[in-house]
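Observations on the model geometry
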Amino acid sequence: MKKWISIIVFLWPISLFAQENKLPSDNHQLAELFSKPAAYFDLKLSPNGNFLAAQTKSDGKNIIVIFDREKMDVVGAIRFSSRAQVGSYYWANNERIVATKEYLTSRSDHPQYRGEIFSAKYNGKGGRYLFGYQGGSSAGSRVNSSAGSIRAWGWVLDPMHHDERHILVKAISFNRDGGMDSRATVYKVNVKTGKRSFVTRSPVINATFLTDKDGQVRYVGGQNDDFDYQGYFRLEGDGDWQKMSNLKLPVDDITPYAFTANPEELIASYSINGEPDALYKINMVTGESKKIASDKLVSPQKVWLTHDTKEVYAVEFEKGYPSYAMPYKDHPEAKLLKSMLASLKGHQIHLSSQSQDGNYRVITAFNDTNSGVYYMYDKKANKLTYLVQQRDWLNPESLAYMEPIKLNARDGMELHGFLTLPNNKNKKNLPLVVMPHGGPHGPRDYWGYDEEVQLLAAKGIAVLQINFRGSGGYGKNFEEAGYKKWGAEIQYDIIDAVKHVINEGIADKDNICIMGGSFGAYSALQSSIIEPDMFKCAIANAGLYDLEMMWTEGDIQERDSGLDYLDYAIGKDVTQLKSFSPVNHVEKLKAALFLAHGGEDERTPEEQVRALIKQLDKHNKPYQFYYLDDEGHGFYKPEHRAKYYEQVLNFLDKHLTL
């Protein structure tokens, strides 16, 4: 394995990219270039700062590679045999790494997690299963009935940086039918032996736990038996759970992030009247709350906590270009973040990992033309060391800029989104692809590097992304405005955004395509049905096309919470469901169609696309179909994405004037 190039740079604006400022014109080469996965990702320092771990691909699977921080020599690796790979991982102490195990099964190339947690030394030796059905057994040994073995799924809740011997694990046990029990349990698990001890059990289902700086489980939130949100807290680690509702806050549904230095105070976000969430400091004795950070347009995207004390030092908002609120401006971490933002101008900055003493930190810088660059920051020397670029085969100067846009929908609702314009082309009368996001409720589009957007821009195509009503991040009112409006108002937002860029002179009204995955695929068909003369072509991947079928097929309706979601998101009005289902209106389509689907898709199962194809055939509507029987909801394997991208580009060559 080659060494990473190490370049020392001081804290001033920098540019370290010297790749050739040119992208290939061949569709096959472009598809290969943009589908290639990151070379390294998820870099993490050991507590003493002596070692640096990173994830990379080997034989198509995620592994962990460990480097000596000073020499940048490889000192070890952690990988799983056969068709298993590393999922998430954490440094448990200076010698051991804890990792979750994922499986690439013969029937699906999407990794499957089975609740197993594994531990090994940084040199890859001394491997041992800590949790799951192999818990307590050595790597490679048969399943045994040691103290670690348990019929449960486990997730690392807290790596407990202050405790070298233990981690906290959130577990959900198997029930008699092989499924999972609804209420989670927290265990303290020894990182060397797998021996565990009971900590607490959740009083609610679908639980989310929060620990304090000492690893004490102090908050749990989830759903009660009526599927309403219910939060519980305790002032001391072993005290009884108390209901948050007893505090008489304006709302019950909150998102907790951290505890302050005062053990009576909790930092959480919530919305009172459906506006975007704001961040509050809540006193759990008096019930008093104080707003500490907010934005009129969007909810907090991320709340940044210190490594050791878990104090809040910054709040990230993403309404267009990302911004950072620093409620405690004098905090050392806040000052460091401001320094990094000034030094790496034009980049979004994350303080990704650090040594226990805070002297060494991994800094991640990224933006719309750069998927990510990693640096090492030396606090004592006040300098940055360049480590690695995630995709060094892509020159940021050859990629296209993503710009925030704003418009009003036909009913006056304010919408926000992004427009990416190709390089080296006149910014007028461009070919356009509108790309609705999936979801629709919860997800949204963000400013940043997007491989599909950059792939299309490299072909000279402008790309429009709009956060239509129903999108997440803009508050409960905005999200609920899309409920039961999938086939009408949401599509009108997409169509109105297209009309906006046409009226601005940016897009050629006779040279437009629509492309999306999941709900975005649904929108590609539904918008093309509503405005059949607007789109010359439509590309739909892993789509749903029959809303009635969502009540009977797929994994959403298999859970009570999923049924609850369907009830408020699409409803049970059969007349409306039929009206909003593209499968019932294919005769209105004029756009050329490209369909893609995976045979192992459980979210939008194959029955969805087969029902659409049946109607297309019945009405003699031509289409192109790309099908992979071992893929799931979207294409996971790079070679599958590359083939899909190449076919998309070839399809666009036929139907857009480029």
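Computed from a predicted model, the values in this text were never measured in an experiment. (Residues numbered from 1 in each chain as written. Predicted model: local features only at pLDDT ≥ 70, side-chain atom pairs only at ≥ 80, totals over all residues. Heavy atoms only, no water.)

1. Observations concerning the overall build of the protein chain
Rules: Runs of H or I in DSSP of at least four residues are treated as helices and runs of E of at least two as strands, each being numbered from the N terminus. With C-alpha atoms as the basis for the radius of gyration, the globule rule is written as 2.2 Å multiplied by the number of residues raised to the power 0.38. Exposed residues in this analysis have more than 50% of their type's maximum accessible area, buried residues have under 20%, and partly exposed residues fall in between, with area computed by a 1.4 Å probe over protein chains only. In this analysis, two residues are considered to be in contact whenever any of their non-hydrogen atoms come within 4.5 Å of each other. Values of accessible area rely on a 1.4 Å probe in the Shrake-Rupley scheme; residue burial ignores everything except the protein chains shown. Just so you know, the count uses Lys and Arg for positive and Asp and Glu for negative, and it drops His and the chain ends. Charge positions come from single atoms, namely NZ of Lys, CZ of Arg, CG of Asp or CD of Glu.
Assigned secondary structure in the protein chain consists of ten helices and 35 strands. In terms of C-alpha radius of gyration, the protein chain reaches 25 Å, essentially the compact-globule figure of 26 Å for 658 residues. Considered along the principal axes of its C-alpha atoms, the protein chain spans approximately 65 × 60 × 55 Å. Looking at the protein chain as a whole, 56% of its 658 residues qualify as buried. Here the analysis covers contacts within the protein chain between residues at least 6 apart in sequence; of these, 54% occur between residues at least 24 apart. Summed over all atoms, the accessible surface of the protein chain reaches about 28000 Å², with 46% contributed by carbon and sulfur. Mean positive and mean negative side-chain charge positions of the protein chain (78 and 83 charges, respectively) differ by 4 Å.

2. Structural notes on the pairing of strand 3 (residues 51–58)
Formally: Each pair of strands is called paired provided DSSP finds at least two bridges between the two strands.
Of all eight residues in strand 3, seven are buried, a share of seventy percent or more. The pairing of strand 2 (residues 41–45) with strand 3 spans three bridges and is antiparallel. Residue pairing for strand 3: Phe-41 is matched across the bridge by Gln-55. Between the antiparallel neighbours strand 2 and strand 3 lie five residues, among them Gly-49 with a positive phi of about 80°. As paired elements, strand 3 and strand 4 (residues 61–68) share eight bridges and run antiparallel to each other. Bridging across to strand 4, Ala-53 finds its partner in Ile-66. The loop that links strand 3 with its antiparallel partner strand 4 comprises two residues; one of these, Asp-59, has a positive phi angle of about 55°.

3. Description of the sheet that holds strand 22 (residues 312–318)
Under the convention used in this document: To define axes, lines are fitted to C-alpha atoms, for helices over the stretch in contact only, and angles between the resulting N-to-C directions are given on a 0 to 180 degree scale.
Pairing is antiparallel in the open sheet, where three strands are placed in the order 21-22-23. Every other strand in the sheet has two partners, leaving strand 21 (302–305) and strand 23 (322–325) as the edge strands with one partner each. When strand polarity is set aside, the average angle formed by the axes of neighbouring strands in this sheet is 25°. Relative to strand 22, strand 21 runs antiparallel, the two being bridged by four bridges. Looking across to strand 22, one finds that Leu-305 is bridged to Val-312. Sheet strands in contact with helix 2 (residues 332–343) are strand 22 and strand 23, and its direction is about 40° off that of strand 22.

4. Quick notes on the confidence of the model for the protein chain
Formally: pLDDT measures the predictor's confidence residue by residue and takes values from 0 up to 100.
Considering every residue of the protein chain, the mean pLDDT works out to 90; 92% of them sit at 70 or more. Considering only residues more than four positions removed or in separate chains, one finds that residues 140–147, a stretch of pLDDT under 50, has twelve contacts.

5. Section: the state of the cysteines
The line we're drawing: Disulfide: a pair of cysteine sulfur atoms within 2.5 Å of each other.
Summed over the entire model, instances satisfying the criterion amount to one disulfide. Each sulfur in the disulfide pair Cys-513 and Cys-537 lies 2.5 Å from the other. Between Cys-513 and Cys-537, the S-S dihedral sits near -135°, and the bridge is therefore left-handed. Placement of the pair is Cys-513 in strand 32 (residues 507–517) and Cys-537 in strand 33 (residues 537–541), with a sequence separation of 24 residues. Among the residues examined, Cys-537 registers a relative accessible area of 0% and is labelled buried.

6. A look at the sheet that holds strand 30 (residues 430–434)
Pairing within the open sheet is mixed, and its eight strands lie in the order 28-29-31-30-32-33-34-35. If you trace the sheet from one side to the other, it starts and ends with strand 28 (402–408) and strand 35 (624–628), each paired once. The mean angle between the axes of side-by-side strands here comes to 20°, regardless of whether they run parallel or antiparallel. Bridge count for strand 28 against strand 29 (residues 414–420) is seven bridges, and the pairing is antiparallel. Across the sheet, residue Pro-404 finds its bridge partner in strand 29, namely Phe-418. Helix-sheet contacts for helix 6 (residues 519–530) involve strand 32, strand 33 and strand 34 (592–598), and the interaxial angle to strand 32 is about 140°. Each of strand 34 and strand 35 is contacted by helix 9 (residues 606–618), which is oriented at about 150° to strand 34, the strand it contacts most.

7. Some thoughts on the nonpolar core
Test applied: We define a nonpolar core as any set of buried Ala, Val, Leu, Ile, Met, Phe, Trp, Tyr and Cys residues linked to one another through side-chain atoms lying within 4.5 Å.
Grouped together as the largest cluster of nonpolar side chains are 67 residues, with contacts concentrated most on Leu-432, Leu-464, Trp-486 and Leu-595. Excluding residues that lie within four positions of it along the chain, Leu-595 makes contacts with Leu-525, Ala-540, Tyr-545, Val-609, Leu-612, Ile-613, Leu-616, Tyr-623, Gln-624, Phe-625 and Tyr-626. Counting 36 residues, the second largest nonpolar core, distinct from the first, contains Leu-394, Leu-456, Ile-461 and Cys-513.

8. Some points on the packing of helix 1 (residues 27–35) against helix 10 (residues 638–655)
Definition in use: Oblique is the label for any angle not covered by the other classes, which are roughly parallel (under 35 degrees), roughly antiparallel (over 145) and roughly perpendicular (65 to 115). For any pair of crossing helices, the crossing counts as left-handed if the nearer helix is rotated counterclockwise from the farther one by less than a right angle, and right-handed if it is rotated clockwise.
Closest axis-to-axis distance for the helix 1/helix 10 pair is 8 Å, and the angle between their directions is 140°. Between helix 1 and helix 10, the angle falls in the class oblique. Taken as a pair, helix 1 and helix 10 cross one another with a handedness that is right-handed. Taken together, the residues of helix 10 that come into contact with helix 1 (itself represented by Asn-27, His-28, Leu-30, Ala-31, Glu-32, Phe-34 and Ser-35) are Pro-638, Arg-641, Ala-642, Tyr-645, Glu-646, Leu-649, Asn-650 and Asp-653.

9. Looking at the packing of helix 1 against helix 3 (residues 451–458)
Angle between the axes and distance between the axes are the two parameters that describe a pair of packed helices. Relative orientation of the contacting elements helix 1 and helix 3 amounts to 155°, with a least axis distance of 10 Å. Comparing the axis directions of helix 1 and helix 3 gives the class roughly antiparallel. Considering only the axes of helix 1 and helix 3, their crossing is right-handed. Contacts from Leu-30, Ala-31, Phe-34 and Ser-35 in helix 1 reach Glu-451, Gln-454, Leu-455 and Ala-458 in helix 3.

10. Considerations on helix 7 (residues 560–569)
What counts here: Each C-beta atom gives one direction from the helix axis, and the arc is the one those directions make.
Restricting attention to buried positions, one finds in helix 7 the residues Gly-562, Tyr-565, Leu-566 and Ala-569. Taken down its axis, helix 7 places every buried residue within 95° of arc, on the same side. Downstream of helix 7 by one or two residues, Gly-571 has phi in the positive range, about 75°.

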